[in-house]
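Spelled out, the chains give:
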Amino acid sequence: MAALFVIFIILPAIVTASFFQVDYPNVNISSEPNGDLVFEAGQGGDVILKPGVGGTVYIAGTDLRKFIQKVKSLPPIWTRQSVHGSLGTFNSGKAVSVAVQARDPDGQSIVYELVAGHLPPGTTLNNSTGVISGTAPDVDATYHFEIRATDVHGKYADGSFSINIREQDQCKSNPCENGGTCSDNLNKFTCSCTKGYGGERCQTRCSQNTFGVDQNVKHIPDAQLSAHLTYTTYKAQNGRLHSTTGWIGNGTGSYLQVDLGNVSTVYGVATQGYRSSTYYTLTYTVTYSQDGNTFTTATDAVGNSKTFSGSSSYDTVIKHDLVKPVQARFVRFLPTLWHTGGQPGLRVEVYGCN
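Now for a quick tour of the structure. (Residues numbered from 1 in each chain as written. Predicted model: local features only at pLDDT ≥ 70, side-chain atom pairs only at ≥ 80, totals over all residues. Heavy atoms only, no water.)

**Here we look at the nonpolar core**
- Of all hydrophobic cores here, the largest spans 24 residues; its most connected members are Val-258, Val-266, Val-286, Phe-333 and Val-350.
- Listed by contribution, the elements that provide at least two residues to this core are strand S21 (255-272), strand S22 (281-289), strand S25 (318-338) and strand S26 (345-353).
- Ignoring any residue separated from it by four or fewer positions in sequence, one finds Val-258 in contact with Val-213, Ile-220, Gln-224, Leu-225, Arg-329, Phe-330, Val-331, Phe-333, Val-348 and Val-350.
- Core analysis: the next-biggest nonpolar cluster, separate from the first, contains 21 residues, Leu-87, Phe-90, Ala-136 and Ala-149 among them. (Core = buried A, V, L, I, M, F, W, Y, C linked by side-chain atoms within 4.5 Å. Buried < 20%, exposed > 50% of the residue type's maximum accessible area, 1.4 Å probe, protein only. Helix = DSSP H or I, 4+ residues; strand = E, 2+ residues; numbered from the N terminus. Contact = heavy atoms within 4.5 Å.)

**Points about the pattern of salt bridges**
- Counted according to the given criterion, the structure contains seven salt bridges.
- The salt bridge partner of Asp-222 is Arg-240, with a shortest N-O separation of 2.8 Å. Here the residue Asp-222 occupies a position in the loop between strand S18 (204-205) and strand S19 (225-228), and Arg-240 occupies one in the loop between S19 and strand S20 (247-248), the gap between them amounting to 18 residues.
- Its salt-bridge partner being Asp-321, residue Lys-319 comes within 2.7 Å of it at the nearest N-O pair.
- Because the salt bridges share partners, they merge into one network encompassing Arg-275, Asp-315 and Arg-347. (Salt bridge = Lys/Arg side-chain N within 4 Å of Asp/Glu carboxyl O.)

**Quick look at the packing of aromatic side chains**
- Inspection of every chain in the model, using the stated rule, returns nine aromatic pairs.
- Seen from their ring centres, Tyr-234 and Tyr-274 are 5.4 Å apart, and the 85° between their planes marks the pair as edge-to-face. Note that Tyr-234 is positioned in the loop between S19 and S20 and Tyr-274 in the loop between S21 and S22, a separation of 40 residues in sequence.
- Ring pairing ties together the aromatic residues Trp-78, Tyr-112, Phe-145 and Phe-161, which thus form one cluster.
- The cationic tip of Lys-319 hangs over the ring face of Tyr-351; the distance from NZ or CZ to the ring centre is 4.6 Å. (Phe/Tyr/Trp six-rings, centres within 6.5 Å; stacked < 30°, edge-to-face > 60°. Lys NZ or Arg CZ within 6 Å of the ring centre and 35° of its normal.)

**Re unusual backbone geometry**
- Non-glycine residue Asn-174 carries a positive phi angle of around 50°.
- Looking at where Asn-174 falls in the secondary structure, it is placed in the loop between strand S14 (156-166) and strand S15 (181-185).
- Judged by relative accessible area, which is 64%, Asn-174 ranks as exposed.
- Of note, Cys-202 is a non-glycine position whose phi angle comes to about 60°, a positive value.
- Cys-202 sits in the buried class, given a relative accessible area of 0%.

**Focus: the state of the cysteines**
- Counted by the stated rule, this structure contains four disulfides.
- Between the sulfur atoms of Cys-171 and its disulfide mate Cys-182 the distance is 1.9 Å. Handedness here is read from the sign of the S-S torsion; for Cys-171 and Cys-182, about -80°, the answer is left-handed. Highlighted residues: Cys-171 in the loop between S14 and S15 and Cys-182 in strand S15, separated in sequence by 11 residues.
- The partner cysteine of Cys-206 in its disulfide is Cys-353, sulfur to sulfur 2.0 Å. On the sign convention where negative means left-handed, the S-S torsion of about -110° between Cys-206 and Cys-353 marks this disulfide as left-handed. (Disulfide = S-S within 2.5 Å.)

**Concerning the pairing of strand S13 (residues 141-151)**
- Inspection of the sheet shows strand S10 (residues 110-117) paired to S13 by seven bridges, in the antiparallel sense. Its bridge partner being in S13, Ala-116 is matched across the sheet by Glu-146.
- Where S13 meets S14, 10 bridges bridge the pair, whose relative direction is antiparallel. Bridge pairing in S14 links Ala-141 to Ile-165.
- Hairpin remark: S13 followed by S14, antiparallel, with four residues in the connecting loop; positive phi at Gly-154, about 85°. (Pairing = 2+ DSSP bridges.)

Everything listed is a geometric property; what it means functionally is a separate question.
Dropping the structure here:
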């Protein structure tokens with residue numbers, strides 16, 4: 001029976017200087033300084049470096065596997081829409097949710113980016129999913145924009161898209177009251193009111209609408225109340241209807257003036273006397289102006305200067321409508337007759353619509 005021989009060869013860790021090194025589980029092959037490491041196959045043969053699963057080959061610090069993957073990779077391909085495509089039409093005020101989609105031939109993830117044009121105001125692009133979402137603005141317009149799909153290797157494809165927005169009919173809900181006519185505008189409506197009505201929706205009956213001189217309303221600030229020939233220290237800003245005191249004039253030629261802030265349609269006026277039994281105005285005239293320089297006197301039905309009756313009871317509110325509305329910013333109350341032995345006292349309000 002033949003004998004069985006087993007021969008063990010033990011290699012040293014380092015063989016001939018540092019050209020070949022076995023350091024389990026790694027095998028290092030290196031050359032001397034300034035030397036070359038040459039892999040050479042026979043005639044017609046190949047030199048193959050084949051890393052295992054999860055491994056790679058580095059040449060001069062470059063990951064050869066990733067370099068080859070990048071060279072071989074293809075740019076993304078748009079799949080959701082054509083390169084020039086409309087993403088749809090949306091009515092203003094409605095939700096927008098639509099996606100652009102691209103596919104990476106290498107199966108990697110894609111990042112979406114807006115690179116030109118504008119999305120509709122109120123909408124945004126999700127860079128990870130390509131979803132454009134938000135609320136359609138109240139405009140009538142078409143928005144054109146360009147989105148870039150980029151893969152992990154930096155290769156990209158651009159797509160041109162558009163979204164159509166159709167404006168909402170602002171007059172659909174019939175917002176104008178009291179016979180007013182509605183005009184539809186971008187993001188708003190305008191009401192043309194019938195005679196005697198005003199306000200954004202024609203909801204206000206102008207002859208009953210105060211501008212807010214009244215102490216209980218006070219839309220007109222103190223700085224817009226002024227007077228001429230004031231008696232002692234009785235200030236113009238106290239001349240508000242229902243104030244606890246009032247304004248007192250010095251006599252003939254004195255007046256209390258209200259600045260409405262802008263040219264408005266004035267329908268009427270009202271007065272009280274000063275909060276005293278001796279300071280109240282029995283009659284007065286009204287003048288008005290658009291610029292504060294040229295004043296016109298309010299007239300009666302036949303065109304004569306109208307004398308308005310005040311209150312013989314100082315705390316009673318007496319209201320008068322003008323014969324016809326006038327356009328004015330400044331309104332003056334000029335006392336013409338007052339309580340004997342006293343001074344002309346007034347608390348006032350102006351009625352109308354802006």
